[in-house]
Amino acid sequence: MPATFQLWKSEVEHRYPSLWQTALEGPDGGKLKLAQSEHDGCAVAKAVFGLEMSVLKDVDGQEFHNWQQFRDQRYQKEQNDLDKESGLRNTGEIGTTYFGPHSQFPCYRFTAFSRLTMPTLVIAGKYDGAIGPEQMKTLAAQLPNAHFDEFDQSAHFVYAEEPVKFVRDVEDFLDSGK
């Protein structure tokens, strides 16, 4: 998660430089400076996330998250239509739990890679701004029996943006018995 928050930080800072600077000079920026001075990685991750949320409350945060998840925004609309038709929707409950003020999730770092010996297909979209392809490459490299598969025309929702490749690659992985 800390690496993902750094990815978000870079994009928020790039897209909204004046808002980022204002947030950095405010109380949230103070929290970040304190965490950095104390070399507290967890506090740094939470402070970076707090700065990002501070900036996104002053802009169209949903538009930012849509950009993170869909390279082609037509697929975001398609996903919304599918959700509406199915009756399923994102209620925000998971996000509130994971990213609420008392959550430790922003600090989470998985370290037991060697214990996951099963064949694993790690899929990432080249333009994924929600997790980041580099984080997924790192995950695949640390798992003992993983195969990394990058989708060149997708962001976070690879199955929506490249459905033919997604189905083919997943079926090939399952058929290969890796």
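Structure: above.
A short tour of the structure in this document, coming up. (Residues numbered from 1 in each chain as written. Predicted model: local features only at pLDDT ≥ 70, side-chain atom pairs only at ≥ 80, totals over all residues. Heavy atoms only, no water.)

Overview of the side chain of D149
Mapping D149 onto the fold places it in strand 2 (residues 146-151). In this view, D149 contacts L121, V122, I123, A124, K165 and D169; residues no more than four positions away in its chain are not counted. (Helix = DSSP H or I, 4+ residues; strand = E, 2+ residues; numbered from the N terminus. Contact = heavy atoms within 4.5 Å.)

Here we look at the nonpolar core
In this structure, F5, V12, Y16, L32 and V55 are the most contacted members of the largest nonpolar core, which totals 17 residues. Where this core is concerned, the elements lending two or more residues are helix 1 (2-15), helix 2 (17-25), helix 3 (27-37) and helix 4 (41-56). Broken down by element, this core gets its largest block of residues, 8 residues, from helix 4. Not counting chain neighbours up to four residues away, the residues in contact with L32 comprise L24, V44, A47, V48 and L51. (Core = buried A, V, L, I, M, F, W, Y, C linked by side-chain atoms within 4.5 Å. Buried < 20%, exposed > 50% of the residue type's maximum accessible area, 1.4 Å probe, protein only.)

As for the layout of surface pockets
Roughly 1,100 Å³ of internal volume is contained in the largest pocket. Considering the residues around the largest pocket, the lining is formed by 30 residues, among which H65, Q69, N90, G95 and F99 are closest to the centre. Looking at the lining of the largest pocket, the elements that each hand over two or more residues are helix 1, helix 4, helix 5 (61-69), helix 6 (73-86) and helix 7 (93-99). Grouping the amino acids of the lining of the largest pocket by side-chain chemistry returns 13 nonpolar, 14 polar and 3 charged. Lining of the second largest pocket is provided by 15 residues; of these, M1, Y108, F110, Q135 and L139 occupy positions nearest its centre. Going through the elements one at a time, helix 1 and helix 8 (133-142) are the ones with two or more residues in the lining of the second largest pocket. (1 Å grid on protein atoms, 1.4 Å probe; cavity = no way out; pocket = protein on both sides within 12 Å on 5 of 7 lines; lining within 4 Å. Points joined across faces, edges and corners; volume = space filled by probe spheres on them. Nonpolar A, V, L, I, M, F, W, Y, C, P; charged D, E, K, R; others polar.)

What about helix 6?
The first and last C-alpha atoms of helix 6 sit 20 Å apart over 14 residues, in line with the 20 Å expected at 1.5 Å per residue. Just downstream of helix 6, G87 is the residue with a positive phi angle, here 85 degrees. (Expected span 1.5 Å × (residues − 1).)

So, the packing of aromatic side chains
According to the stated counting rule, one finds 11 aromatic pairs in the structure shown. On the numbers, 5.4 Å between centres and 70 degrees between planes, the contact of F5 with W8 is edge-to-face. Of this pair, F5 and W8 are both found in helix 1, 3 residues apart, which corresponds to roughly one turn of the helix. Residues F5 and W8 agree in their burial class; the two are buried. Seen from their ring centres, F105 and Y108 are 6.2 Å apart, and the 10 degrees between their planes marks the pair as stacked. (Phe/Tyr/Trp six-rings, centres within 6.5 Å; stacked < 30°, edge-to-face > 60°.)

Focus on the pairing of strand 1 (residues 120-125)
Two faces make up the sheet, and in a regular strand the side chains alternate between them. Taken together, the 6 bridges between strand 1 and strand 2 define a ladder with parallel strand orientation. Within strand 2, the position partnered with G125 by the bridge is F151. Where the polypeptide runs from strand 1 across helix 8 and back to strand 2, its parallel neighbour, the crossover connection is right-handed. (Pairing = 2+ DSSP bridges. Right-handed = clockwise from strand over helix to strand, strands pointing away.)

Comments concerning the environment of G125
Take G125: it is sitting in strand 1. Residue class for G125 comes out buried when judged on its relative accessible area of 1%. It is 9.3 Å that separates the C-alpha atoms of G125 and F70, two residues lying 55 residues apart in sequence. Contacts of G125, omitting those with residues within four sequence positions, involve P133, F151, S154, A155 and V158.

Section: the state of the cysteines
Throughout the structure, instances matching the rule amount to 1 disulfide. In this model C42 forms its disulfide with C107; the gap between the sulfur atoms is 1.8 Å. With the S-S dihedral at roughly 60 degrees, the linkage between C42 and C107 falls on the right-handed side. Placement of C42 in helix 4 and of C107 in the loop between helix 7 and strand 1 is noted, with a sequence separation of 65 residues between them. The class of C107 is buried, set by a relative accessible area of 16%. (Disulfide = S-S within 2.5 Å.)

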